[in-house]
Amino acid sequence: MDNRQISVNIEGDEPFCIVYSDGKAKITKLPTHGETKVITHQGKVKRVKFDEGEEF
């Protein structure tokens, strides 16, 4: 098993998500109101989809 490490310096209090796939890591902010989906295909992340909305 290959051990890899990710170092993250957190600033502020906004929610975020770290996605790791195929040797790459990406960080993305999460929407204030909405849904975030991580789409995978054959064991690899293909895309991250955001569906933002706000109730009236």
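Scroll up to find the structure this text is about.
Let me sum up the structure you'll find in this document. The structure presented is a predicted model; accordingly, all values stated were derived computationally and were not measured. (Residues numbered from 1 in each chain as written. Predicted model: local features only at pLDDT ≥ 70, side-chain atom pairs only at ≥ 80, totals over all residues. Heavy atoms only, no water.)

**Concerning the layout of surface pockets**
Here is step 1 of the chain: Within this model, the largest pocket holds a volume of roughly 220 Å³.
Here is step 2 of the chain: Lining the largest pocket are Val19, Ser21, Asp22, Lys24, Lys26, Lys44, Val45, Lys46, Arg47 and Val48.
Here is step 3 of the chain: Mapped by element, the contributors of at least two residues to the lining of the largest pocket are β1 (16–21), β2 (24–29) and β4 (44–52).
Here is step 4 of the chain: Partitioned by chemical class, the residues of the lining of the largest pocket number three nonpolar, one polar and six charged. (1 Å grid on protein atoms, 1.4 Å probe; cavity = no way out; pocket = protein on both sides within 12 Å on 5 of 7 lines; lining within 4 Å. Points joined across faces, edges and corners; volume = space filled by probe spheres on them. Helix = DSSP H or I, 4+ residues; strand = E, 2+ residues; numbered from the N terminus. Nonpolar A, V, L, I, M, F, W, Y, C, P; charged D, E, K, R; others polar.)

**Some thoughts on a positive patch on the surface**
Here is step 1 of the chain: A cluster of like positive charges, contributed by Lys24, Lys26, Lys44, Lys46, Arg47 and Lys49, occupies part of the molecular surface.
Here is step 2 of the chain: By residue number, the principal contributor to the positive patch is β4, which donates four residues.
Here is step 3 of the chain: Topologically, Lys49 is positioned in strand β4. (Patch = residues over 30% accessible without salt bridge, like charges linked within 9 Å, V, L, I, M, F, W, Y side chains within 5 Å. Areas by Shrake-Rupley, 256 points an atom, 1.4 Å probe, with all protein chains shown as cover. Salt bridge = Lys/Arg side-chain N within 4 Å of Asp/Glu carboxyl O. Lys, Arg positive; Asp, Glu negative; His and termini not counted. Charge placed at Lys NZ, Arg CZ, Asp CG, Glu CD.)

**A short note on unusual backbone geometry**
Here is step 1 of the chain: One non-glycine residue, Asp22, lies in positive phi territory at about 55°.
Here is step 2 of the chain: In this structure, Asp22 sits in the loop between β1 and β2.
Here is step 3 of the chain: Assessed through its relative accessible area of 54%, Asp22 is described here as exposed.
Here is step 4 of the chain: Of note in this structure, Gln42 is not a glycine but carries a positive phi near 55°.
Here is step 5 of the chain: For Gln42, the location among the structural elements is in the loop between β3 (34–41) and β4. (Buried < 20%, exposed > 50% of the residue type's maximum accessible area, 1.4 Å probe, protein only.)

**Points about the environment of Glu11**
Here is step 1 of the chain: One can find Glu11 in the segment before β1.
Here is step 2 of the chain: Glu11 gets classed as exposed once you look at its relative accessible area, which sits at 74%.
Here is step 3 of the chain: Once the C-alpha coordinates of Glu11 and Ser21 are considered, the two residues, ten residues apart in sequence, prove to be 24 Å apart.

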